[in-house]
Amino acid sequence: MRLVRPYGDTMDDGAVQLSFTLPMPWSEAADEAARQLVAKMGFADVAVVDGRPIASGFSFFVVYARTPVSVDVSQIAADVPAPHAMSMDEIDDFVRREFGRKLVVVGACIGTDAHTVGIDAIMNMKGYRGDYGLERYRELSAVNLGSQVSVEELVRFAREKSADVILASQVVTQKGSDITNFTALAELLEAEGLRERVVLLCGGPRVTNLLAQELGYDAGFGRGTLPSEVATFFVHRLKEKLRHVRV
Amino acid sequence: MELRVDAARIDRCRALAQAIADPIYRFIAAHSTVSVERAVLRLLGVDGVVGEEVPLANAVVDRLDPARRASGAARWIGAAIAETGLDVAEAARALADGRVDVSSLDVTPPEIARGALRGLVDAAMARVRARRAEREALLARLPQGEPPLLYVIVASGNIYEDRTAAVAAAEAGAQIIAVIRSTGQSLLDYVPYGATTEGFGGTYATQENFRIMRAALDDVSERLGRYVMLTNYASGLCMPEIAAMAALERLDMLLNDSMYGILFRDINMKRTFVDQHFSRMLNAAAGIIINTGEDNYLTTADALEQAPAVLASQFINEEFAHRAGMPDSQIGLGDAYEIDPDVTDSFLYQVAQAQLARQIFPHAPLKYMPPTKHMTGNIFKGHLMNAMFNLTSVMTGQSIHLCGMLTEAIHTPFLGDRALSLENARYVMNAARHLGEEIAIRPGGVIASRARWVLEECERRLERVASVGLMAAIEARAFADVSRAPDGGRGIEGVFAKGADYWNPFEEALSPAVGAAR
C-alpha cells in the first residue's frame, strides 16, 4: 500500500492550486466567499491569493489550499489499450503473417461534428508527430470518410467495404453530443449484426479507454495518440476476435 | 521592421490570381443558386416560416420548377404581387401554399413584375445603406481603439447565455465578438428561424439571434464608450442568405471564404463560387469586413510546409473579393499561429509569414488566428504560446486578432478563460506596442530567408493552379491535400444556369458599386 497526496514543496503537504469565476461583483466579501467555498470542498489552509473583477457581476479567483485526502496507488492499474506500439513495418508484417490479406479500416468524424483534426491525425497519409497515418500502411486499406458523417452512412459504408475496423471520432463534446453519437453507432452496429465482426474504436480529446469500454467499444484513444498505437491495438484485437470465431 | 520583398514577384502572383479567377467568373456570371434566390427574397422582406419550420424563402423557391427557376425568384414574387395586390409577405405565403399557382403567372409581363418590386428593392438597398451609415456614425462617436483589435468567440449554444458572455468579454476588453455557429449549420440548406437556445459547439445563426446580440453589444458599446463589433459566419450552403441577414442587422464582420466550404465541408465548388460572389457583393455594399479562412490549411496539415498555400489562398481570396466590388479595407485575409512549438525558431517563422502578409496586403485588415493544433491540456504552456502569438501580432501590425484561449483544447471557453486571454493580449500588446517600428530584419537572416521562400513557393503553386484551372487543381489536391470533384459535394443540385430572362434586382442594384471599386 502506498498513499499519495499532492506535493508542493514538502512530502505530503497536499498543496493544490485552483482558479474559478464566481457570478458576483468583486469585493472583500467575494474573496471571503471564495475562501469559504474552497474550505467547503474539504480543503485546509485556504489562501485566496488573487481575487478581482473580470466583468460587471463576475469575479475571478486564484486559490492555494491543502487537501487532507490521499489515494492508494498500489490499488490503481494504468488503463492504456496499447502500451507498446509496434512500428508501421512491424504492423504490416504482422498483418501479412496473421491475416494474409489487407485489413479494411473505415474512419469518420460522426454526427454533426466537423472537426476532423483527430481522425485526420490517425488516418491521413501524413500522420501525426512523425508517425505515419493508416493510409500509408501497405497492408491496410484505410478510408477516411471525413467530417459530419451520419452513423447510418458510416455503417452502410462499413458493410459495403466489409470493414474489419471502424474508427469513430468526436471532438465536440458539448451537452454530451459525443456520447450520444458514439452510443448510436455501437447500437446500430449491434442491430445490424455487424458488431461482433469488427473492431470498434473511438477517439477524441475527451475520450478515455474506460469510457469507450462503458459504451461498448473495443477501446478508446485520447489526445496525443499516435496512428501506430491505434494500429497495434486493432491488429491484435482482430486476431483475438478471429480466434474466437474459429473456435 | 520591413522585409525586402520582390515587388515584381508579388505582381506576378496577383496576375496569376486574376488568370485563375477569369474562367471561374465566366461560370459565376452564367449561374445562380437556390441560396442566392432565397437571399433575394429575404432582402425583399420575405421572412418567417411555414408548416414545420420551413423558412418562407425556401418554401417559395421550392415551388419553382427548373424552367421557371431559371428566370430568378424575383420575377415570380414580383408577378404574384402585381397580380394579387398582396404585400410581399402575403404574396410569398400565397406562392408557398399554392393559393397562387406559379404557372398562372407566366402571362404576367416581366416589366410588370419588375415594376411591382421597384419600391421593395429601393427600400432594401436604403436599409442596407442606412445600417452602414449607422455603423460609420457609431465608429466616429465611439472609436474602437487601435489594432490589433481583440476578437473573442462565444459559443454556448444558447443566445441568451452568449449575450451574457459577450457583454462580459466586451467589459474585459474585447473589441469584436463572434458568435460561433452550431456545428453542422454549414450543411443545412436553410437558415433556422427565431431566437435559439439549443446548439452544439455553437449557436445557430438566425436573424433574430443577430438582432439580440446586436442590441446587447450596442448597449455595452455606449456604456464603454467604444464600438464593439459583431461577427458571424457567411459560409456553408446558406452563405448569401447569411450575408443578407447580416447586412440588414448591422453585423460588422463575416467569416467568408471563397474555397473553405469546398475543401473543409465538402460543399460543391460551383455552388460555393456562385454563392461567395453574391455574398461578397452584399458585404461590399453593407461595409462588412470579411474574414477569410486560411487558418484551416494550417490546422489540417503541417504549418511549416503549408505557409505558401496560405499566401496563395490569400491572393485568390483577394482577387475574388475585388471582383465582387470589395475594397482592400474590407478584405480580412487570414493566417494562423500554428507552427509546432517544438520547432527551433518557430517564432521567427511566424513573424516572417505575418510580416510578409502585412507588406503584400498593406491595406487589408489582416485576421490572425491563435494556436489551436498544438494546444494541449497544459494550460500553462498554452498561455505562453498565446503570449508569443500576441507578440507576433502586435509587432507585425495585424488588424483582427482572435485571442487564444488557454483552455483551447479542453472546452468551449469559460467566462474566466476569456478574461485571462484578453488580459494576456492587452499586457503583451501594450508592453510591445512599438516594437515593430524599433527593429530591423537582418538581410539574409532566418526571417528574411523564410519570407523569400514562402513567396517563391507561393508563386510556383499559383502557376500550377493557373495552368490546369482552379476547379481541376482542387480536384488534383492542390489545396489542403483534399480532392473535390467539380460536380461532387453537397449542394450541387441547387446550382442552375441563368435563363435568357434571368433577373436578380440586387445584382443590378449592387453592380454599379462593383464597377466603382474595380
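Since the model is a prediction, treat every value here as computed from it, not as a measurement.

Thresholds, definitions, all that
Residues numbered from 1 in each chain as written. Chains lettered and ligands numbered in written order. Predicted model: local features only at pLDDT ≥ 70, side-chain atom pairs only at ≥ 80, totals over all residues. Helix = DSSP H or I, 4+ residues; strand = E, 2+ residues; numbered from the N terminus. Rg over C-alpha atoms; globule rule 2.2 N^0.38 Å. Buried ≥ 20, exposed ≤ 12 C-beta atoms within 10 Å, placed from the backbone. Contact = placed C-beta atoms within 7 Å. Axes fitted to C-alpha atoms, helices over the stretch in contact; angles between N-to-C directions. Parallel < 35°, antiparallel > 145°, perpendicular 65-115°, else oblique. Left-handed = near helix turned anticlockwise from the far one by under 90°. Nonpolar A, V, L, I, M, F, W, Y, C, P; charged D, E, K, R; others polar. Pairing = 2+ DSSP bridges. Right-handed = clockwise from strand over helix to strand, strands pointing away. Domains from an automatic or database assignment. Expected span 1.5 Å × (residues − 1). Core = buried A, V, L, I, M, F, W, Y, C linked by C-beta atoms within 7 Å.

Student: Honestly, the overall build of chain B in this entry has me stumped. Any pointers?
Tutor: A tally of helices and strands in chain B yields 21 helices and 13 strands. Against the 2.2 N^0.38 benchmark of 24 Å for 518 residues, chain B shows a C-alpha radius of gyration of 23 Å, consistent with a compact globule. Along the first, second and third principal axes, the C-alpha set of chain B runs to 75 × 55 × 40 Å. When each of the 518 residues of chain B is scored for burial, the buried share is 57%. Within chain B, counting contacts between residues at least 6 apart in sequence, those at least 24 apart form 76% of the total.

Student: How do you make sense of the packing of helix α14 (residues 303–323) of chain B against helix α19 (residues 446–468) of chain B when you look at a structure like this?
Tutor: Two measures define how a pair of helices packs: the angle their axes make with one another and the distance between the axes. Residue and element names in this part refer to chain B. It is at 8 Å that the axes of α14 and α19 come closest, and there the two elements cross at 60 degrees. One way to sum up the angle between α14 and α19 is to call them oblique. Here α14 runs over α19; the crossing is right-handed. Side by side, α14 and α19 meet where A307, P308, A309, L311, A312 and F315 of the first sit next to V454, L455, E457, C458, R461 and L462 of the second. Along the lines of polarity and charge, the residues of the contact of α14 with α19 split into ten nonpolar, no polar and two charged.

Student: Sorry, what's going on with the pairing of strand β8 (residues 165–169) of chain A here?
Tutor: Successive residues of a regular strand alternate their side chains across the two faces of the sheet. Residue and element names in this part refer to chain A. When you tally the buried positions in β8, you get five out of five residues, the bulk of the element. Burial along β8 is two-sided: V165, L167 and S169 facing one way and I166 and A168 facing the other are all buried. Where strand β6 (residues 103–109) lies against β8, five bridges are found, and the strand directions are parallel. Bridging from a neighbouring strand, V106 pairs with I166 of β8. Across five bridges, β8 lies against strand β9 (residues 199–203) in parallel orientation. Pairing of V165 across the sheet is with V199, part of β9. In this view, the connection linking β8 to its parallel neighbour β9 by way of helix α5 (residues 177–191) has right-handed handedness.

Student: I keep staring at the domain arrangement of chain A and nothing clicks. Help me out?
Tutor: Its domain assignment divides chain A into domain 1 (3–71) and domain 2 (88–246). Taken over C-alpha atoms, the centre of domain 1 of chain A sits 41 Å from the centre of domain 2 of chain A.

Student: Please clarify how the packing of helix α8 (residues 159–171) of chain B against helix α9 (residues 207–224) of chain B should be interpreted in this entry.
Tutor: All names here are of chain B. Contact pair α8 / α9: the axes reach a minimum separation of 10 Å and the direction vectors enclose 25 degrees. When the interaxial angle is binned, α8 and α9 end up roughly parallel. For the crossing formed where α8 meets α9, the hand is right-handed. Residue-level inspection shows I159, D162, R163, A166, V167, A170 and E171 of α8 in contact with α9, the latter providing N209, I212, M213, A216, L217, V220 and L224. Considered class by class, the residues forming the contact of α8 with α9 number ten nonpolar, one polar and three charged.

Student: Quick question: what am I supposed to make of the sheet that holds strand β2 (residues 15–22) of chain A here?
Tutor: What holds strands together in a sheet is hydrogen bonding between their backbones, with the strands either parallel or antiparallel. Residue and element names in this part refer to chain A. Ordered by their spatial adjacency, three strands build an open sheet running β2-β4-β3, and the pairing between neighbours is antiparallel. Where the open sheet ends on each side, the last strands, each with one partner, are β2 and β3 (44–55). Each strand of the sheet is rotated relative to its neighbour by a mean of 15 degrees, with strand direction disregarded. Two strands pair when backbone bridges link them, and β2 and strand β4 (residues 58–66) are joined in this way by eight bridges, in the antiparallel orientation.

Student: Sorry, what's going on with helix α1 (residues 7–30) of chain B here?
Tutor: Helical geometry note: an α-helix holds 3.6 residues per turn, so side chains three or four residues apart project in the same direction. Residue and element names in this part refer to chain B. Taking 1.5 Å per residue as the helical rise, α1 with its 24 residues ought to reach 34 Å, and the 35 Å between its terminal C-alpha atoms agrees with that figure. By the burial criterion, the buried members of α1 are C13, L16, A17, I20, A21, I24 and I28. Those residues of α1 that are buried are in contact with β1 (31–33), α12 (269–286), α14, α19 and α20 (470–475).

Student: Help me understand the nonpolar core in this model?
Tutor: The nonpolar side chains of a soluble globular protein tend to be buried with one another. Core analysis: the largest hydrophobic core is formed by 184 residues, its most contacted members being B:V60, B:I77, B:I177 and B:A246. Broken down by element, this core gets its largest block of residues, ten residues, from α14(B). Grouped together as the second largest cluster of nonpolar side chains are 47 residues, A:V155, A:L167, A:Y217 and A:V235 included.

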